[in-house]
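# Analysis of the macromolecular model
Listed here are the chains, written in short residue letters.
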Amino acid sequence: MDELDDAVRRRLYRMRDLGDDMAAIRVRKTSPDGAVTVEVDGNGKLLDLEFSEAISRLAPPDFEKTLVDTAMAAARQAFAQRGELIEAFNEEMRR
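One structure accompanies this document, and this report is about it. In this text the structure is predicted, and so the values were computed from the model without any measurement.

### Examining the pattern of salt bridges
Taken as a whole and judged by the stated rule, the model has 7 salt bridges. Arg 94 is paired through a salt bridge with Glu 91; the nearest N and O atoms lie 2.8 Å apart. A residue pair is termed a helical-turn pair when its members lie 3 or 4 positions apart in one helix, as Arg 94 and Glu 91 do in helix α2 (residues 60–94) at 3 residues. In this structure Glu 91 comes out as partly exposed when scored by relative accessible area, which is 38%. In the salt-bridge network here, residues are joined through shared partners; they are Arg 28, Glu 39, Asp 48 and Glu 50.

### Things to note about α2
Over its 35 residues, α2 runs 51 Å from end to end, which matches the ideal 51 Å to within 8%, given 1.5 Å per residue. Among the residues of α2, Thr 66, Thr 70, Ala 74, Ala 75, Ala 78, Phe 89 and Met 93 are the ones counted as buried.

### A look at a nonpolar patch on the surface
Taken together, the side chains of Met 1, Leu 4 and Val 8 make up a nonpolar region of the molecular surface, amounting to roughly 380 Å² of accessible area. Mapped onto the elements of the fold, Leu 4 is located in helix α1 (residues 2–23).

### Remarks on the environment of Ala 73
Tracing the sequence through the fold places Ala 73 in helix α2. Here the alpha-carbon distance between Ala 73 and Ser 56, two residues 17 residues apart in the chain, equals 22 Å.

### Quick notes on the pairing of strand β1 (residues 26–30)
Both faces of the sheet carry side chains from a regular strand, because those side chains alternate between them. Relative to strand β2 (residues 36–41), β1 runs antiparallel, the two sharing 5 bridges. Bridging from a neighbouring strand, Arg 26 pairs with Asp 41 of β2. Between the antiparallel neighbours β1 and β2 lie 5 residues, among them Gly 34 with a positive phi of about 80°.

### Some remarks on the nonpolar core
Core analysis: the largest hydrophobic core is formed by 9 residues, namely Ile 25, Val 27, Ala 35, Val 36, Val 38, Val 40, Ala 54, Ala 74 and Ala 78. Of all the elements in the fold, those that place two or more residues in this core are β2 and α2. It is β2 that provides the largest number of residues to this core, a total of 3 residues. If we skip the residues at most four places from it in the chain, Ala 74 touches Val 27, Lys 29, Val 38 and Val 40.

The rules behind these values
- Residues numbered from 1 in each chain as written.
- Predicted model: local features only at pLDDT ≥ 70, side-chain atom pairs only at ≥ 80, totals over all residues.
- Heavy atoms only, no water.
- Salt bridge = Lys/Arg side-chain N within 4 Å of Asp/Glu carboxyl O.
- Helix = DSSP H or I, 4+ residues; strand = E, 2+ residues; numbered from the N terminus.
- Buried < 20%, exposed > 50% of the residue type's maximum accessible area, 1.4 Å probe, protein only.
- Expected span 1.5 Å × (residues − 1).
- Patch = residues over 30% accessible without salt bridge, like charges linked within 9 Å, V, L, I, M, F, W, Y side chains within 5 Å.
- Areas by Shrake-Rupley, 256 points an atom, 1.4 Å probe, with all protein chains shown as cover.
- Pairing = 2+ DSSP bridges.
- Core = buried A, V, L, I, M, F, W, Y, C linked by side-chain atoms within 4.5 Å.
- Contact = heavy atoms within 4.5 Å.

What follows is the structure, encoded as structure tokens:
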């Protein structure tokens, strides 16, 4: 019974660790021209947005595309990190 109790506790602690690790994900990306920098969390939620003077050289449609592309790149990387954490967790749970 003690073995079962220990196994359950280990899994519970590991689940808590997974939640903490996922909550700690932060990805910061800057556009190739340096005009836009975004930071997102592991859910892709925008946490920070910065503009450099380079945005003054962008036409409105180019600014929009740069902003969206940069935010999407950050979100993709954050989701990839989440996926890696989940895969590692699932692998541990199969053992």
